[in-house]
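What follows is each chain in one-letter form.
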Amino acid sequence: MMDESNEREYTPHKTISTNLKRLEETATLSAQAYLKSSDKLSFKMGIVLCISIIGSIILGILAIIIPVWSGLSVVTVQVIGILLAFSALGISFFSLSDRIFGWGEKKSSYEMGFKIWTGYVRESKWFRKNELESLKEDLALTNAKIFQEKYVAFVNSLPPNGLTSKEFLKCKSDLKRKIRVSKMLDIDPCVDIDAAYDCHDQQSQVESMK
């Protein structure tokens, strides 16, 4: 026979709260995946910009030096000039990689995905912590269903993130580690953050959070 404490533990509001929290955790991971995707594209775009600038500077210097370089024939200078012109053209196309491959649009969609999921988590948490317990069961279920439907709508409408399977797992690992260290700090503010994040802390600290 289930005792009174266990009966209170499995109230409808508790079940609703657990389900909402589960969706929030998944949504938080999705938000981080979109953020990582945006950072990944930003890094690519930064590399392209740096290479384009450095390449343009080098070609400009060569274009000035080679014509006045003694010992080179006119034909050689002309050939080198043509090669430099084609190289400059190649760098021009390379500098437009973000537009050619649509990186700018993808980056904007990833940033939007991050904001949407972050907003969803914020609204769901506020409802779960401040409003859920004060509602009657039927109204609580109705409001919870709204969040569930919103979650499904976001999953179906938002574009996929730009992470590989390995990068997504790394993103998930980073998020879980941050949450883990945060819980440890709530228990003991003197925890070695670097050791805890790298999972080099004592196993007893892990067991204390279970």
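Before reading on, note that the structure itself is shown above.
Model, not experiment: these values are computed from the prediction. (Residues numbered from 1 in each chain as written. Predicted model: local features only at pLDDT ≥ 70, side-chain atom pairs only at ≥ 80, totals over all residues. Heavy atoms only, no water.)

Some words on the overall build of the chain
Step number 1: Check the secondary structure of the chain and you find nine helices and zero strands.
Step number 2: Listing each helix as α and each strand as β along the chain from the N terminus yields α-α-α-α-α-α-α-α-α.
Step number 3: Burial status across the chain gives 27% buried among its 210 residues.
Step number 4: Expressed as a percentage of contacts within the chain between residues at least 6 apart in sequence, the contacts between residues at least 24 apart total 73%.
Step number 5: Counting only carbon and sulfur atoms, one obtains 62% of the accessible surface of the chain, whose full area is about 14400 Å². (Helix = DSSP H or I, 4+ residues; strand = E, 2+ residues; numbered from the N terminus. Buried < 20%, exposed > 50% of the residue type's maximum accessible area, 1.4 Å probe, protein only. Contact = heavy atoms within 4.5 Å. Areas by Shrake-Rupley, 256 points an atom, 1.4 Å probe, with all protein chains shown as cover.)

A word on a positive patch on the surface
Step number 1: A surface patch of like charges, here positive, comprises Lys14, Lys21, Lys125, Lys129, Lys172, Lys176 and Lys183.
Step number 2: Elements with a minimum of two residues in the positive patch: helix 2 (12-65), helix 5 (103-130) and helix 7 (165-187).
Step number 3: Per-element tally for the positive patch: the top contributor is helix 7, with three residues.
Step number 4: Turning to its location among the elements, Lys176 is positioned in helix 7. (Patch = residues over 30% accessible without salt bridge, like charges linked within 9 Å, V, L, I, M, F, W, Y side chains within 5 Å. Salt bridge = Lys/Arg side-chain N within 4 Å of Asp/Glu carboxyl O. Lys, Arg positive; Asp, Glu negative; His and termini not counted. Charge placed at Lys NZ, Arg CZ, Asp CG, Glu CD.)

Section: the packing of helix 2 against helix 7
Relative orientation and spacing of two packed helices are given, respectively, by the angle between their axes and the distance between those axes.
Step number 1: At a minimum axis distance of 10 Å, the contact between helix 2 and helix 7 shows a crossing angle of 120 degrees. Looking at the two axes, helix 2 sits oblique to helix 7. Note that helix 2 runs across helix 7; the crossing there is right-handed. Along its contact with helix 2, which presents Thr28, Leu29, Gln32, Ala33, Lys36 and Lys40, the element helix 7 presents Glu167, Phe168, Cys171, Lys172, Asp174, Leu175 and Lys178.
Step number 2: Considering only residue class, the contact of helix 2 with helix 7 consists of five nonpolar, two polar and six charged. (Axes fitted to C-alpha atoms, helices over the stretch in contact; angles between N-to-C directions. Parallel < 35°, antiparallel > 145°, perpendicular 65-115°, else oblique. Left-handed = near helix turned anticlockwise from the far one by under 90°. Nonpolar A, V, L, I, M, F, W, Y, C, P; charged D, E, K, R; others polar.)

What to know about helix 6 (residues 137-157)
Step number 1: Its 21 residues place the ends of helix 6 30 Å apart at the C-alpha level, agreeing with the 30 Å of an ideal helix rising 1.5 Å per residue.
Step number 2: Ala140, Asn143, Ala144, Phe147 and Tyr151 are the residues of helix 6 that are buried. The buried side chains of helix 6 occupy one side of the element, clustering within an arc of 100 degrees when seen end-on. Facing away from the buried side of helix 6 by more than 90 degrees, the exposed set consists of Asp138, Asn156 and Ser157.
Step number 3: Turning to helix 6, the residues buried within the fold contact helix 2 and helix 5. (Expected span 1.5 Å × (residues − 1). Arc of directions from axis to C-beta.)

A word on the packing of aromatic side chains
Step number 1: Counted by the stated rule, this structure contains eight aromatic pairs.
Step number 2: Ring geometry for Trp117 and Phe154: centres 5.6 Å apart, planes at 85 degrees, overall edge-to-face. Highlighted residues: Trp117 in helix 5 and Phe154 in helix 6, separated in sequence by 37 residues.
Step number 3: Between Tyr120 and Phe147, the ring centres sit 6.2 Å apart and the planes meet at 70 degrees, which makes this aromatic pair edge-to-face. Of this pair, Tyr120 sits in helix 5 while Phe147 is found in helix 6, placing the two residues 27 residues apart along the sequence.
Step number 4: For Phe147, a relative accessible area of 10% translates into the label buried.
Step number 5: Here the aromatic cluster, defined as three or more aromatic residues joined through ring pairs, consists of Trp117, Tyr120, Phe127, Phe147, Tyr151 and Phe154. (Phe/Tyr/Trp six-rings, centres within 6.5 Å; stacked < 30°, edge-to-face > 60°.)

A short note on the environment of Arg22
Step number 1: For Arg22, the location among the structural elements is in helix 2.
Step number 2: Using a relative accessible area of 47% as the deciding quantity, one classes Arg22 as partly exposed.

As for the layout of surface pockets
Step number 1: Taken as a whole, the largest pocket encloses approximately 630 Å³ of empty space.
Step number 2: Lining the largest pocket are 23 residues; nearest its centre among them are Glu24, Glu25, Thr28, Lys125 and Ile179.
Step number 3: Among the elements of the structure, helix 2, helix 5 and helix 7 are those that each provide at least two residues to the lining of the largest pocket.
Step number 4: Counted by class, the lining of the largest pocket contains seven nonpolar, five polar and eleven charged residues.
Step number 5: The computed volume of the second largest pocket comes to approximately 170 Å³.
Step number 6: What lines the second largest pocket is a set of 13 residues, among which Ser30, Tyr34, Trp117, Val155 and Asn161 lie closest to the centre.
Step number 7: Of all elements in the fold, only helix 2 and helix 6 reach the threshold of two or more residues within the lining of the second largest pocket. (1 Å grid on protein atoms, 1.4 Å probe; cavity = no way out; pocket = protein on both sides within 12 Å on 5 of 7 lines; lining within 4 Å. Points joined across faces, edges and corners; volume = space filled by probe spheres on them.)

Examining the packing of helix 2 against helix 5
Step number 1: Where helix 2 contacts helix 5, the two axes come as close as 8 Å, and the packing angle between them is 155 degrees. In this view, helix 2 runs roughly antiparallel relative to helix 5, as classed from their interaxial angle. Read as a crossing pair, helix 2 and helix 5 show a hand that is left-handed.
Step number 2: Residues belonging to the contact of helix 2 with helix 5 are distributed by class as follows: 16 nonpolar, ten polar and eight charged.

Just distances and angles here, no functional claims.
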